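# Examining the three-dimensional arrangement
Listed here are the chains, written in short residue letters.
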Amino acid sequence: MAWWSLGVFLLAISLPSPLIASYFPEAIFGTPVKASVVSYEKDSLDFRGQPVYRIEFTVRTEGGEEVEGFIHRSYADFQHFDSLKSWYYKDLRLPANTGNTLAKLDAYMKASITDYDSLAQTTLYGDFLGINWDGNDIKYLKNFLTFMKFLLSDRLPIFPPEPPVFDTEKDALVPVMPFENYIFMRSFRFEDIGFEAFSEYYQNYVATLPVFAGEDDESDVWAPGMVTPMKYPYHYDKTYVHFTPGGYLNGRSVRMSYSTYNKFNFENEVILKPWFQQLHGRRAPKRILDVGTGNCGSAFVLGEIFPQAEVIGIDLAPAYIRFCRLWKEQRGAKNVFFYQANGEMTPFESGSFDLIQFTYVLHEMPQENSKRVLREIHRLLKPGGVVSGFDVLYWKDPEWRKMNVESNTYGVDWNSTAQHGPEPYMDEYQNGLQLPSYLQEIGFQIQHNIRYSNVDGIYVARKPHFHL
Ligand SMILES: C[S@@+](CC[C@H](N)C(=O)[O-])C[C@H]1O[C@@H](n2cnc3c(N)ncnc32)[C@H](O)[C@@H]1O
């Protein structure tokens, strides 16, 4: 073995694992029984750019098992914790941040358990250690009531759980973690710090996620027939949906989007599969297109239901196509293919698809664009072919439409510089597109118009053989 490779080997085994690899902090539930501050990482700042102390702790679970964990907190976090603890613990004093703070904070943490054990049992203490909350039981958009509960009363910890570290792209497929549920929930409940401060926090976190880069001109993902780089629609890189930093063209948003698979009904394969089976199971499509495939859940489900069919997922965002290709390999989904293409103007031949799916796509663009997508879908379908739209519910009642629009846009036009809401194009979708009537206007026959929940609708329509 050459001297340098021995050196690298020794270095690798001597480095603490978080420095050289991804880590995915899982939820820990129980009562803290030990806590100490073990190091000060002033040279490796956390994603907020702040130097942090590493706290290591032991928790006793309900089953009596002892589990170890760690969390990073800044001195300002300690101050916040100290200011929130009850007057009852007034004799537990936070040391000043002057000289040997590490040892003094360690003594503070140890005393917080040995001398004040009732403090360790409080929700505040659990939040400070980032335990006893995973956010997985929150039913974000299952229906209108769960959404209101999410906005107003579901518990959001005072301190964030430990953020994950993603080292490579393939890590983007690990199950959603408590920190990700926390940051998602925080994006709707940022009033305490204001939108600007939240936005900076969010952007700094997203900047740590895998980038899913490819060729400079993205030619590694171009759809067959594409010969020049994509010209993106004007709106696409202007007003971002869901507050996503950099929008869908920021490859680092891929993991952030994937981590919402347990929050939206139609991102959930367990919900999609029986619906696709019920609506399309009796058909025998040979070629299926999934427009705006994103994190590609619906493309994979269609591929499983129709193993004899060729399923093609397209999206404007190259990074999402790379993510889907990675997932395809993991799943062994041989009949599903992913390409970059614009759903408004694809390079595919007219009348070359039997079934075209779109899931949560049309409410994310101005009406002129969503109308173009629907006209393109009409062109691509064979006569007798079917479009299957799982999207935001179109409200027939104008009062409900108004409420839906106001709450999603904050009453601000998407093409302006004011603070947009999470769904800046909702007015264009609800009042401009009016999905069911536009489908009919361009020659589709509606087969199903289903109110799945107060937030989700299913619209299935057929391209007739003859247009009268
Ligand atoms: C909310 S995501 C939905 C993704 C996925 N269908 C799902 O249900 O999880 C909307 C997706 O539509 C894509 N998109 C928007 N406009 C598009 C267009 N004109 N052509 C293709 N994809 C588009 C976006 O890039 C994004 O990935």
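Residues numbered from 1 in each chain as written. Predicted model: local features only at pLDDT ≥ 70, side-chain atom pairs only at ≥ 80, totals over all residues. Heavy atoms only, no water.

## Notes on the domain arrangement of the chain
Looking at the chain, the domain boundaries give domain 1 (24–129) and domain 2 (265–462). Using C-alpha coordinates to define each centre, domain 1 is positioned 46 Å away from domain 2. (Domains from an automatic or database assignment.)

## Some words on the packing of helix 8 (residues 178–186) against helix 9 (residues 195–206)
Taken N-terminus to C-terminus, the directions of helix 8 and helix 9 make an angle of 150°; their axes are 11 Å apart at the nearest point. By the criterion of interaxial angle, the relationship of helix 8 to helix 9 is roughly antiparallel. The element helix 8 and its partner helix 9 pack so that their crossing is left-handed. Taken together, the residues of helix 9 that come into contact with helix 8 (itself represented by Phe-179, Glu-180, Tyr-182, Ile-183 and Arg-186) are Phe-198, Tyr-201, Tyr-202 and Tyr-205. Taken together, the residues of the contact of helix 8 with helix 9 sort by class into seven nonpolar, no polar and two charged. (Axes fitted to C-alpha atoms, helices over the stretch in contact; angles between N-to-C directions. Helix = DSSP H or I, 4+ residues; strand = E, 2+ residues; numbered from the N terminus. Parallel < 35°, antiparallel > 145°, perpendicular 65-115°, else oblique. Left-handed = near helix turned anticlockwise from the far one by under 90°. Contact = heavy atoms within 4.5 Å. Nonpolar A, V, L, I, M, F, W, Y, C, P; charged D, E, K, R; others polar.)

## A word on the pattern of salt bridges
Proximity of charged atoms lets side chains of opposite charge pair with each other. Inspection of every chain in the model, using the stated rule, returns 20 salt bridges. Notably, a salt bridge pairs Asp-77 with Arg-48, separated by 3.1 Å at the nearest N-O pair. Here Asp-77 is found in helix 3 (residues 75–84), whereas its partner Arg-48 is found in the loop between strand 1 (31–41) and strand 2 (52–60), with 29 residues between them in sequence. Among the ionic pairs, Asp-127 bridges to Arg-155, the shortest N-O distance being 3.0 Å. Note that Asp-127 is positioned in helix 6 (residues 123–129) and Arg-155 in the loop between helix 7 (144–152) and helix 8, a separation of 28 residues in sequence. Overlapping salt bridges, with partners in common, bring together Glu-269, Lys-273, Glu-304 and Arg-331 in one network. (Salt bridge = Lys/Arg side-chain N within 4 Å of Asp/Glu carboxyl O.)

## Thoughts on the pairing of strand 5 (residues 310–315)
With five of six residues buried, strand 5 is to be regarded as a mostly interior element. As defined by bridge partners, strand 4 (residues 287–291) adjoins strand 5 across five bridges and the pair is classed as parallel. Counted as the bridge partner of Ile-288 is Val-311 from strand 5. Between the parallel elements strand 4 and strand 5, the chain passes through helix 12 (residues 297–305) in a crossover that is right-handed. Sheet topology places strand 5 next to strand 6 (residues 336–340); five bridges connect them, and they run parallel. Bridging across to strand 6, Ile-314 finds its partner in Tyr-339. Once you follow strand 5 into helix 13 (residues 318–331) and on to strand 6, the crossover reads as right-handed. (Buried < 20%, exposed > 50% of the residue type's maximum accessible area, 1.4 Å probe, protein only. Pairing = 2+ DSSP bridges. Right-handed = clockwise from strand over helix to strand, strands pointing away.)

## So, the pairing of strand 7 (residues 353–359)
In terms of burial, strand 7 is a largely internal element, seven of the seven residues being buried. One ladder, built from four bridges, connects strand 4 with strand 7; its direction is parallel. Bridging across to strand 7, Leu-289 finds its partner in Ile-356. Here six bridges tie strand 7 to strand 8 (residues 381–392), and the two strands are oriented parallel to one another. Residue pairing in the sheet places Leu-355 in a bridge with Val-386 of strand 8. Read as a crossover between parallel neighbours, the route from strand 7 over helix 14 (residues 367–380) to strand 8 is right-handed.

## With respect to empty space enclosed by the protein
Applying the stated criterion to the full structure yields one cavity of 30 Å³ or more. In this structure, the largest cavity encloses a volume near 70 Å³. Taken together, Gly-135, Asn-136, Ile-138, Tyr-140, Phe-150, Asn-181, Phe-184, Met-185, Asn-262 and Lys-263 form the lining of the largest cavity. Tallied by class, residues from the lining of the largest cavity come to five nonpolar, four polar and one charged. (1 Å grid on protein atoms, 1.4 Å probe; cavity = no way out; pocket = protein on both sides within 12 Å on 5 of 7 lines; lining within 4 Å. Points joined across faces, edges and corners; volume = space filled by probe spheres on them.)

## Brief notes about helix 3
All of the buried residues in helix 3 are Tyr-75, Asp-77, Phe-78, Phe-81 and Asp-82. The arc that holds the buried residues of helix 3, viewed along the axis, is 155°, so those residues lie on one side. Residues of helix 3 that are buried sit in contact with strand 1, strand 2, strand 3 (66–73), helix 4 (101–114), helix 5 (117–120) and helix 6. (Arc of directions from axis to C-beta.)

## Describing the nonpolar core
If you look at the biggest cluster of nonpolar residues, it comprises 111 residues, and the most contacted ones within it are Phe-323, Leu-362, Leu-374 and Ile-377. If you look at the next biggest cluster of nonpolar residues, it comprises 28 residues, including Ile-28, Tyr-89, Ala-111 and Ala-120. (Core = buried A, V, L, I, M, F, W, Y, C linked by side-chain atoms within 4.5 Å.)

## Brief notes about the layout of surface pockets
A volume near 1200 Å³ is recorded for the second largest pocket. Lining the second largest pocket are 43 residues, and of these Asp-46, Phe-47, Arg-48, Pro-163 and Tyr-201 sit closest to its centre. Contributing elements (two or more residues each) for the lining of the second largest pocket: helix 2 (17–20), strand 2, strand 3, helix 3, helix 8 and helix 9. The element best represented in the lining of the second largest pocket is helix 9, accounting for five residues. Taken together, the residues of the lining of the second largest pocket sort by class into 25 nonpolar, six polar and twelve charged.

## A short note on the sheet that holds strand 1
Spatially, three strands are ordered 1-2-3 in an open sheet, and the strand pairing comes out antiparallel. Looking at the sheet topology across the chains shown, the edges are occupied by strand 1 and strand 3. Looking at each pair of strands side by side, their axes are set apart by 20° on average, direction ignored. The pairing of strand 1 with strand 2 spans nine bridges and is antiparallel. Its bridge partner lying in strand 2, Ser-39 is registered against Arg-54.

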